[in-house]
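Spelled out from the first residue to the last, the chains are:
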Amino acid sequence: MIDIRTGGRSRLLLTTIGYLAAGIIPVLAIYCRLKLTGSGLVYPLSYYSDALLQGLQIRPVIDGEPWGHISRLAAPFHHNIYLFPVGSRLDYWIACIGVKMTGHIGIALNCSFLIKVALAAMIAVWSLRRLGVFPPAAWVAGILFSLLPYSLERHMHHYNLSIHLVPVMVLLAIRILQGELGGMSRTVKIFCFVMCLAV
């Protein structure tokens, strides 16, 4: 007699391993390709534009200041980050956790960039699976999506690019076009569709 619960657990375990592998493979590829071993991880992959702003905003975390309070900027008072709203809070929280763990801005920026690459792969695989794509094809497509040249070669300085949210927005747009989101009014569907296109 086959225990259904055991079969469910093994399926969940295989799915989890598949998602984790989809996240780990592109991170290892970038890590090896850019030779981030040793001291290579200490220096930011790119330190201008958004990455410079990110470093400025997570530096106070090392100094023990509260989030969003930058006393070194706007002297003699302080700068409040909420005066310059940026929509990518997930990026900031990942970098803040990294800087708390490592105590170094360069390592935190590089690790959070690699985490976002892994997130992009895992979220792309998840979104493709929700659309009914065959698991191995979704897995390969998710890994390739996370290694897009657009985000890796040309726009690495756009630290807050939030490329990992694109598959979810595409999934939502397709669901809206298919009419599968039943309980929403037409205005809300149009608004969600326009927001999906904006991402």
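Residues numbered from 1 in each chain as written. Predicted model: local features only at pLDDT ≥ 70, side-chain atom pairs only at ≥ 80, totals over all residues. Heavy atoms only, no water.

**Q** It is not clear to me how the overall build of the protein chain should be interpreted in this structure. Could you clarify?
**A** Counting secondary structure elements, the protein chain contains eight helices and two strands. Within the protein chain, the fraction of its 199 residues that count as buried is 35%. Sequence separation of at least 24 residues holds for 66% of the intrachain contacts in the protein chain that already meet a minimum separation of 6. If you sum the accessible surface of the protein chain, you get close to 12100 Å²; carbon and sulfur atoms cover 70% of it. (Helix = DSSP H or I, 4+ residues; strand = E, 2+ residues; numbered from the N terminus. Buried < 20%, exposed > 50% of the residue type's maximum accessible area, 1.4 Å probe, protein only. Contact = heavy atoms within 4.5 Å. Areas by Shrake-Rupley, 256 points an atom, 1.4 Å probe, with all protein chains shown as cover.)

**Q** Looking at this structure, I do not really get the packing of helix α4 (residues 105-130) against helix α5 (residues 135-146). What am I missing?
**A** A packed helix pair is summarised by two numbers, namely the angle formed by the two axes and the spacing between the axes. The geometry of α4 relative to α5 is characterised by a closest axis approach of 8 Å and an angle of 145° between their N-to-C directions. By crossing handedness, the relation of α4 to α5 is classed as right-handed. Where α4 abuts α5, its residues Val117, Ala120, Ala121, Ala124, Val125, Leu128 and Arg129 lie against Pro135, Ala138, Trp139, Ala141, Gly142, Ile143, Phe145 and Ser146. A per-class count over the contact of α4 with α5 returns 12 nonpolar, two polar and one charged. (Axes fitted to C-alpha atoms, helices over the stretch in contact; angles between N-to-C directions. Left-handed = near helix turned anticlockwise from the far one by under 90°. Nonpolar A, V, L, I, M, F, W, Y, C, P; charged D, E, K, R; others polar.)

**Q** Please clarify how the packing of α4 against helix α7 (residues 166-178) should be interpreted in this entry.
**A** At a closest axis distance of 8 Å, the pairing of α4 and α7 adopts a crossing angle of 15°. As far as their axial angle goes, α7 and α4 are roughly parallel. Where α4 crosses over α7, the handedness of that crossing is left-handed. Along its contact with α4, which presents Ile123, Ala124, Trp126, Ser127 and Arg130, the element α7 presents Pro167, Val168, Leu171 and Arg175. (Parallel < 35°, antiparallel > 145°, perpendicular 65-115°, else oblique.)

**Q** I would appreciate a short explanation of the environment of Ala108 in the present structure.
**A** Counting through the fold element by element, Ala108 comes out in helix α4. When its relative accessible area of 1% is taken as the criterion, Ala108 is described as buried. Note: C-alpha distance between Ala108 and Cys96 (12 residues apart in sequence) is 7.6 Å. The contact partners of Ala108, leaving out residues within four places of it in the chain, are Ile58, Ala95, Gly98, Val99 and Thr102.

**Q** Honestly, α7 in this entry has me stumped. Any pointers?
**A** Think of an α-helix as turning once every 3.6 residues; residues three or four places apart then point the same way. In this model α7 runs 18 Å from its N-terminal to its C-terminal C-alpha over 13 residues, within 8% of the 18 Å that 1.5 Å per residue would give. Every buried residue of α7 is listed here: Pro167, Leu171, Ala173, Arg175 and Ile176. Two residues or fewer past α7, Gly179 is found with a positive phi of approximately 75°. (Expected span 1.5 Å × (residues − 1).)

**Q** Explain a nonpolar patch on the surface here, please?
**A** A cluster of nonpolar side chains, contributed by Leu20, Ile24 and Leu28, occupies part of the molecular surface with about 280 Å² of accessible area. In this structure, Leu20 sits in helix α1 (residues 4-33). (Patch = residues over 30% accessible without salt bridge, like charges linked within 9 Å, V, L, I, M, F, W, Y side chains within 5 Å. Salt bridge = Lys/Arg side-chain N within 4 Å of Asp/Glu carboxyl O.)

**Q** Honestly, the environment of Thr102 in this entry has me stumped. Any pointers?
**A** Looking at where Thr102 falls in the secondary structure, it is placed in helix α3 (residues 89-102). Along the primary structure Thr102 and Ile62 are separated by 40 residues, whereas in three dimensions their C-alpha atoms are 9.4 Å apart. Within the structure, the side chain of Thr102 is placed 2.8 Å from the backbone oxygen of Gly98, a separation counted as a polar contact. Here the side chain of Thr102 touches His104 through a polar contact of 3.3 Å, landing on its backbone nitrogen. (Polar contact = N/O pair within 3.5 Å; in protein donor to acceptor, adjacent residues only side chain to side chain.)

**Q** Even after reading the chapter, I still don't get the side chain of His164, so can you show me in this structure?
**A** Tracing the backbone through its elements, the reader meets His164 in the loop between α6 (149-154) and α7. Residues within four places of His164 in sequence aside, it is in contact with Leu90, Asp91, Lys116, Leu119, Ala120 and Ile123.

**Q** I keep staring at α4 and nothing clicks. Help me out?
**A** The terminal C-alpha atoms of α4 lie 37 Å apart, and with 26 residues this matches the ideal 38 Å at 1.5 Å per residue to within 8%. The positive-phi residue at the C-terminal boundary of α4 is Gly132, with phi of around 90°.

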